[in-house]
Amino acid sequence: MNLSVIVPLYNEEESLPELFSWIKKVAEANAYSFEVIFVDDGSTDSSWTVIEDICKNNPEAKGIKFRRNYGKSPALYCGFKQAQGDVVVTMDADLQDSPDEIPALYKMVTEDGYDLVSGWKKKRHDPVLTKNLPSKLFNATARKVSGIKLHDFNCGLKAYKKEVVKNIEVYGEMHRYIPYLAKNAGFSKIGEKEVHHQARKYGKSKFGLSRFINGYLDLISLWFLSKFGLKPMHFFGVGGSLMFLVGLIMIVVVGVNKLMAIYGNYRAPLVTESPYFYIAMLAMILGTQFFLTGFLGELISRSSQERNNYHIARQLNLSNKQ
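- Looking up the protein in an unreviewed UniProt entry gives the name Glycosyltransferase family 2 protein, with the organism given as Candidatus Enterocola intestinipullorum.

### Focus: the overall build of the protein
Piece 1. Scanning the protein from N- to C-terminus turns up 10 helices and 8 strands.
Piece 2. Taken across its 322 residues, the protein has 47% of its residues classed as buried.
Piece 3. A fraction of 82% describes how many contacts in the protein between residues 6 or more apart in sequence connect residues 24 or more apart.
Piece 4. As displayed, the protein offers around 16500 Å² of accessible surface, 59% of which is attributable to carbon and sulfur atoms.

### Describing the packing of helix 1 (residues 16-29) against helix 2 (residues 47-57)
Piece 1. One can describe the packing of helix 1 onto helix 2 by two numbers: an axis separation of 10 Å at closest approach and a directional angle of 35°. Helix-helix and strand crossings are classified by hand; for helix 1 and helix 2 the assignment is right-handed. The residues of helix 2 that touch helix 1, namely those facing Leu16, Pro17 and Phe20, are Ser47, Val50, Ile51 and Ile54.

### Quick notes on the sheet that holds strand 4 (residues 87-90)
Piece 1. Strands sit in the order 7-5-6-4-1-2-3-8 across an open sheet of 8 strands; the sheet is mixed. Of all strands in the sheet, those with a lone pairing partner are strand 7 (190-194) and strand 8 (312-316), marking the two edges. Between one strand axis and the next, the sheet turns by 15° as a mean value, whatever way the strands run.
Piece 2. Relative to strand 6 (residues 158-161), strand 4 runs antiparallel, the two being bridged by 4 bridges. Residue pairing for strand 6: Val87 is matched across the bridge by Lys161.
Piece 3. Against the sheet, helix 3 (residues 72-82) touches strand 1 (3-9), strand 2 (34-40), strand 3 (61-66), strand 4, strand 6 and strand 8, its axis set at about 155° to strand 1.

### A few points about the packing of aromatic side chains
Any two aromatic rings considered together are summarised by their centre-to-centre distance and by the angle between their planes.
Piece 1. Overall, the coordinates contain 7 aromatic pairs when judged by the stated rule.
Piece 2. Ring centres of Phe235 and Phe236 lie 5.0 Å apart, and the angle between their planes is 90°; this geometry places the pair in the edge-to-face category.
Piece 3. The cationic tip of Lys189 hangs over the ring face of Tyr114; the distance from NZ or CZ to the ring centre is 5.1 Å.

### Regarding helix 3
An α-helical turn contains 3.6 residues, so any two residues separated by three or four positions project in the same direction.
Piece 1. The element helix 3 is extensively covered by neighbouring structure, given that 9 of its 11 residues are classed as buried.
Piece 2. If you check which residues of helix 3 are buried, you get Lys72, Ser73, Pro74, Ala75, Leu76, Cys78, Gly79, Phe80 and Gln82.

### Focus: unusual backbone geometry
Piece 1. Located in the positive-phi region is Asn11, a residue other than glycine, with phi close to 55°.
Piece 2. Tracing the chain through its elements places Asn11 in the loop between strand 1 and helix 1.
Piece 3. A residue is classified by how much of its surface remains accessible, and Asn11, at 18% relative accessible area, is buried.

### Some details on a nonpolar patch on the surface
Piece 1. Taken together, the side chains of Phe244, Leu245, Leu248, Ile249, Val252, Val253, Val256, Met260 and Tyr266 make up a nonpolar region of the molecular surface, amounting to roughly 780 Å² of accessible area.
Piece 2. Relative to the helices and strands, Tyr266 is located in the loop between helix 9 (233-263) and helix 10 (275-300).
Piece 3. Look at Tyr266 and you get partly exposed, because its relative accessible area is 47%.

### Some words on the environment of Phe228
Piece 1. Tracing the sequence through the fold places Phe228 in helix 8 (residues 210-228).
Piece 2. Taking the relative accessible area as the measure of exposure, Phe228 reaches 18% and is therefore buried.
Piece 3. Residues Phe228 and Gly294, 66 residues apart in the sequence, show an inter-C-alpha distance of 10.0 Å.
Piece 4. In this view, Phe228 contacts Trp223, His234 and Phe235; residues no more than four positions away in its chain are not counted.

### A look at the environment of Ala93
Piece 1. Mapped onto the fold, Ala93 is located in the loop between strand 4 and helix 4 (102-110).
Piece 2. Relative accessible area serves as the criterion here: at 3%, Ala93 is assigned to the buried category.
Piece 3. When neighbours within four sequence positions are excluded, Ala93 is seen to be in contact with Val7, Pro8, Leu9, Glu12, Ser15, Leu16 and Leu19.

### Thoughts on the pattern of salt bridges
Oppositely charged side chains may form a pair once their charged atoms are brought near each other.
Piece 1. According to the stated counting rule, one finds 6 salt bridges in the structure shown.
Piece 2. Between Lys65 and Asp40 there is a salt bridge; the shortest N-O distance is 3.9 Å. Residue Lys65 is located in strand 3, and its partner Asp40 is located in strand 2; the two are separated by 25 residues in the primary sequence. Accessibility assignment for this pair places Lys65 and Asp40 in one class, buried.
Piece 3. Here Asp97 and Lys121 are joined by a salt bridge, their closest N and O atoms 3.6 Å apart. Pair noted here: Asp97 is in the loop between strand 4 and helix 4 and Lys121 is in the loop between strand 5 (116-120) and helix 5 (128-146), with a separation of 24 residues, a long-range link.

Rules used throughout
- Residues numbered from 1 in each chain as written.
- Predicted model: local features only at pLDDT ≥ 70, side-chain atom pairs only at ≥ 80, totals over all residues.
- Heavy atoms only, no water.
- Helix = DSSP H or I, 4+ residues; strand = E, 2+ residues; numbered from the N terminus.
- Buried < 20%, exposed > 50% of the residue type's maximum accessible area, 1.4 Å probe, protein only.
- Contact = heavy atoms within 4.5 Å.
- Areas by Shrake-Rupley, 256 points an atom, 1.4 Å probe, with all protein chains shown as cover.
- Axes fitted to C-alpha atoms, helices over the stretch in contact; angles between N-to-C directions.
- Left-handed = near helix turned anticlockwise from the far one by under 90°.
- Pairing = 2+ DSSP bridges.
- Phe/Tyr/Trp six-rings, centres within 6.5 Å; stacked < 30°, edge-to-face > 60°.
- Lys NZ or Arg CZ within 6 Å of the ring centre and 35° of its normal.
- Patch = residues over 30% accessible without salt bridge, like charges linked within 9 Å, V, L, I, M, F, W, Y side chains within 5 Å.
- Salt bridge = Lys/Arg side-chain N within 4 Å of Asp/Glu carboxyl O.

What follows is the structure, encoded as structure tokens:
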């Protein structure tokens, strides 16, 4: 199969028929063998009914329905797991991403050899203060931390080699950092293409300003995991050892001063009267705790089996039933 298009969605009943028809038109015009996987993230409107109708009449359409709202990253994870196409394209369901961009993205992956191509919404049809400005600040920080020169990490329109989506784990709210996840998995040829961004035709945005706060926290978490996720002792152990060493040196200095006073036959203050004694004890205790934290981190590092356990209610036209 040439192409898999994954569409995560939440309450997008109005746009789905138009979106599928548009994707199908583009795929057939370019002679792609294709599938469209709709992942309903616990919608409360009639989105799943619309998906059922589309799947009945179109074998290329497939559907996954969550029992409740998990988020975009879990939806992408389940879509990636089911994707069969040599090239996997992700796009939002609100019609702000244009399916007409698919052939160019497909070509960049299949002919130009990119592992991942991210869309860049250079001209956005979004509010400046609540979306555009925070997005610019967020992307600048993500570029600095990740070392990947992309203008728009959060663009939902992306294309991947099949090997990429089968070798990365998208969880929590890490969908913003899929390029960073791909880089950490060894897929280094990451490109960017300017794409057309359309004004929302139906409904309203499901994301608020909180996503940018969560985005920064996720970025810090991802940076830490990429650096120390498999070796937490390198972070906690080094920090703990340094703190313990500083505390030990301070306690030795306090003790030596006391001994010198005793042998010099002059009165020295009690050890417990020195503030350095308590600072030293605190440093040694914290150092020990840091070290033990690193040791425990080594034991449990990346061992959770429940990270991507999502309860799916129903699936349509999928061979790999869960």
